[in-house]
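Coordinates in review
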Amino acid sequence: GHVKELADRHGCLVVAPFTLDFTFSAKPLESLLAGIERSYDIDRSRVYVVGHSMGAMATSKLAAKARGSITAACCIAGYQATDSGDLPILVIAGTLDSIVSFNRVKKAAQAAATAGRPVRFMPLEDQGHTLVLAAALDLAFAAWF
């Protein structure tokens, strides 16, 4: 319910497709957007992608493969530095994450930023892998997207 509440508050459409389809190619995103356009009037200049955990890894890969179709991305509790060009990416990780190492995510985000990519890392203190999601989504919708 929280995602729907955020979407309603910020006036956006949220779609949650099967993650694995989006890790290898930009084609599934293009097909998804074309399908959405058959039912909704969407602004292709405002396509944002967000993922949590395995979805964050898929978002990282999609940012490199489909960066021309995405406005910005947010990776929560996971991130893999890829050649995402000038696509803005917000990486959020909980300092108490025992499933996906906080330090590994931080190091990958910092490496991307050092390489000149617009990657911003945001730690959330005293948050673990799952509990970080609500606060991270609030930040992504309000401040990033």
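First things first, this report covers the structure right here in the doc. A quick note: this is a predicted structure, and the numbers were derived from the prediction, not measured.

**Some details on unusual backbone geometry**
A positive phi angle, near 60 degrees, is found at alanine 77, a position not held by glycine. Counting through the fold element by element, alanine 77 comes out in the loop between strand E2 (72–76) and strand E3 (89–94). For alanine 77, a relative accessible area of 1% puts it in the buried group. Positive phi outside glycine occurs at aspartate 126, with the angle close to 60 degrees. Here aspartate 126 lies in the loop between strand E4 (119–124) and helix H5 (132–144). The exposure class of aspartate 126 is exposed, given its relative accessible area of 60%.

**Concerning helix H3 (residues 54–65)**
For H3, with twelve residues, the first-to-last C-alpha span of 17 Å sits near the 16 Å given by 1.5 Å per residue. Among all positions in H3, only Gly55, Ala56, Ala58, Thr59, Ser60, Leu62 and Ala63 are buried.

**Notes on the side chain of serine 84**
On the secondary structure map, serine 84 appears in the loop between E2 and E3. In this structure serine 84 comes out as buried when scored by relative accessible area, which is 0%.

**Comments concerning the sheet that holds E3**
Read across the open sheet, the four strands follow the order E1-E2-E3-E4; overall the sheet is parallel. Each of the sheet's edge strands pairs with one partner strand only, and the pair in question is strand E1 (48–52) and E4. Taken over all neighbouring pairs, the strand axes of this sheet differ in orientation by 15 degrees on average, direction set aside. Strand direction decides the pairing type here: E1 and E2, joined by five bridges, are parallel. Considered in E2, the bridge of histidine 52 is made with isoleucine 76. Strand contacts of H3: E1, E2 and E3, with the helix running at about 145 degrees to E1, the strand carrying the most contacts. Where helix H4 (residues 102–114) meets the sheet, it contacts E3 and E4, and its direction lies at approximately 155 degrees from that of E4.

Conventions and cut-offs
- Residues numbered from 1 in each chain as written.
- Predicted model: local features only at pLDDT ≥ 70, side-chain atom pairs only at ≥ 80, totals over all residues.
- Heavy atoms only, no water.
- Helix = DSSP H or I, 4+ residues; strand = E, 2+ residues; numbered from the N terminus.
- Buried < 20%, exposed > 50% of the residue type's maximum accessible area, 1.4 Å probe, protein only.
- Expected span 1.5 Å × (residues − 1).
- Pairing = 2+ DSSP bridges.
- Axes fitted to C-alpha atoms, helices over the stretch in contact; angles between N-to-C directions.
- Contact = heavy atoms within 4.5 Å.

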